[in-house]
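What follows is each chain in one-letter form.
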Amino acid sequence: MRIAIAGGGLGGLTLARILHQHGIDAVVYEREASRSERPQGGSLDLHPESGQRALAEAGLAGRFRSKARPEGEEHRIVDPSGRSLVHHEPQPGSFSGRPEIDRRALRDLLLDSLPGDMVVWRHRLAAASPRSGGGWELTFHGGRRTDCDLLIGADGARSIVRSLLADVQLSYVATLVELNIEDVDRRHPHLAELVGPGNLWCVGVNQILAAQRLSDGSLRVGISLRAADRPIDTYRGKRALLDMFGGWDPRLTALIEAGDSAPVPRLIEAMPLGTRWSSRQGVTLIGDAAHLMPPVGEGANQAMLDAAELAGRLAANPADPDAAIQEYEEAMFARIHSIAEMSARVQAMMLSPTAAEDIVRFFTPRAAEPAPAE
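Calculation notes
- Residues numbered from 1 in each chain as written.
- Predicted model: local features only at pLDDT ≥ 70, side-chain atom pairs only at ≥ 80, totals over all residues.
- Heavy atoms only, no water.
- Helix = DSSP H or I, 4+ residues; strand = E, 2+ residues; numbered from the N terminus.
- Buried < 20%, exposed > 50% of the residue type's maximum accessible area, 1.4 Å probe, protein only.
- Contact = heavy atoms within 4.5 Å.
- Pairing = 2+ DSSP bridges.
- Right-handed = clockwise from strand over helix to strand, strands pointing away.
- Axes fitted to C-alpha atoms, helices over the stretch in contact; angles between N-to-C directions.
- Arc of directions from axis to C-beta.

Notes on the environment of Tyr 172
Counting through the fold element by element, Tyr 172 comes out in strand β12 (residues 171-181). Tyr 172 gets classed as partly exposed once you look at its relative accessible area, which sits at 47%. Along the primary structure Tyr 172 and Pro 294 are separated by 122 residues, whereas in three dimensions their C-alpha atoms are 9.4 Å apart. Once residues lying within four places of it in the same chain are set aside, the contact partners of Tyr 172 are Arg 158, Ala 227, Leu 267, Ile 268 and Glu 269.

Some thoughts on the pairing of strand β1 (residues 3-6)
Side-chain positions along a regular strand alternate between the two faces of the sheet. Residues Ile 3 and Ile 5 point to one face of β1 and Ala 4 and Ala 6 to the other, with burial holding for every one of them. Taken together, the 3 bridges between β1 and strand β2 (residues 27-29) define a ladder with parallel strand orientation. Its bridge partner being in β2, Ala 4 is matched across the sheet by Val 27. Remark: the β1/helix α1 (residues 10-21)/β2 crossover connection has right-handed handedness.

A look at the sheet that holds strand β9 (residues 136-140)
One open sheet holds the 3 strands; their spatial order is β8-β9-β10, and the pairing between them is antiparallel. Edge positions in the sheet fall to β8 (125-130) and β10 (145-148), since each has one partner strand and no second. Taking the axes of each pair of neighbouring strands and ignoring which way they run, one obtains an average angle of 25° across the sheet. Summarising the sheet, β8 and β9 pair through 5 bridges and their orientation is antiparallel.

Describing helix α12 (residues 355-363)
Every buried residue of α12 is listed here: Ala 355, Ala 356, Asp 358 and Ile 359. Looking straight down α12, one finds its buried side chains confined to an arc of 165°; they lie on one side. Buried residues along α12 sit in contact with β4 (75-78), β5 (84-88), β13 (199-203), β14 (207-213) and α11 (321-350).

Listed below in structure tokens is the structure:
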């Protein structure tokens, strides 16, 4: 059985690794030219029940612990005046929670665990056509072709493989503007102290200014805004961004001023809640291709768990991959439904007029109910 995985992100690579652990060959087709072609984004908190579980099944738990930063789980939430609303400090050195790891470090860890010929670079899928005898003919940008018996779409938000299974209209849920600050400890020690070793959220009315520490000593700054507020080109200049945060404590808006390059805005999309499809022979989806959600902490974790569950079912039933796919899809649909609903609620809450109060309630543990009197 020739397995093609479209997309070499965290989900696709986790799938390839776990299949390899089971002695099942697969080829990952990745559109980028190399692992270092572009930045991979910020830091991720890997959840024990999903991302960490997948790495354990991939035999990579030890390597993950050597790269992860449990201190990165520290999280501060402040209001526009800089007043602290929530301050979560993890237990020093503990991996029992959701330790942070740079997305690039995690991707490199997965790439290094695979044979060199398992990932084929510069192959961006353009189309997939069913073959008369079963399986798929794959056409890549530039005209190169190959075929496979089983095609797995791990090709992200704008998935080509998804169109073989469902006609899905994505909707815009937010605008995210990103900046980077390099060598922050030496160049901007006040900002290093402000953000700390983990994450800082500055929560206002319909807008959030956030920053997170990366392992290379840089800060990744993200500004979240409602999707339809202004044309996206409005956000390409620092001056326009600073005007949006007028009246905020200058110690906070210094995160924008210190950015080393022009702001990079992008529209954040999501799939409709409850999206599903009828199982089709020889093809399925994982990760954002299957269930694109707002980026509130579940996307990468669920993609990796998808990979672990699909690989496990294929390994358990290699004689009937279509039955394995159907079992995987039904379990994935059931698991994702509540997670996607929660992610949508959190995204809406974060960009609401009452975001500060709502987020504080969300992150504050509820007091235990008193025991009923006997």
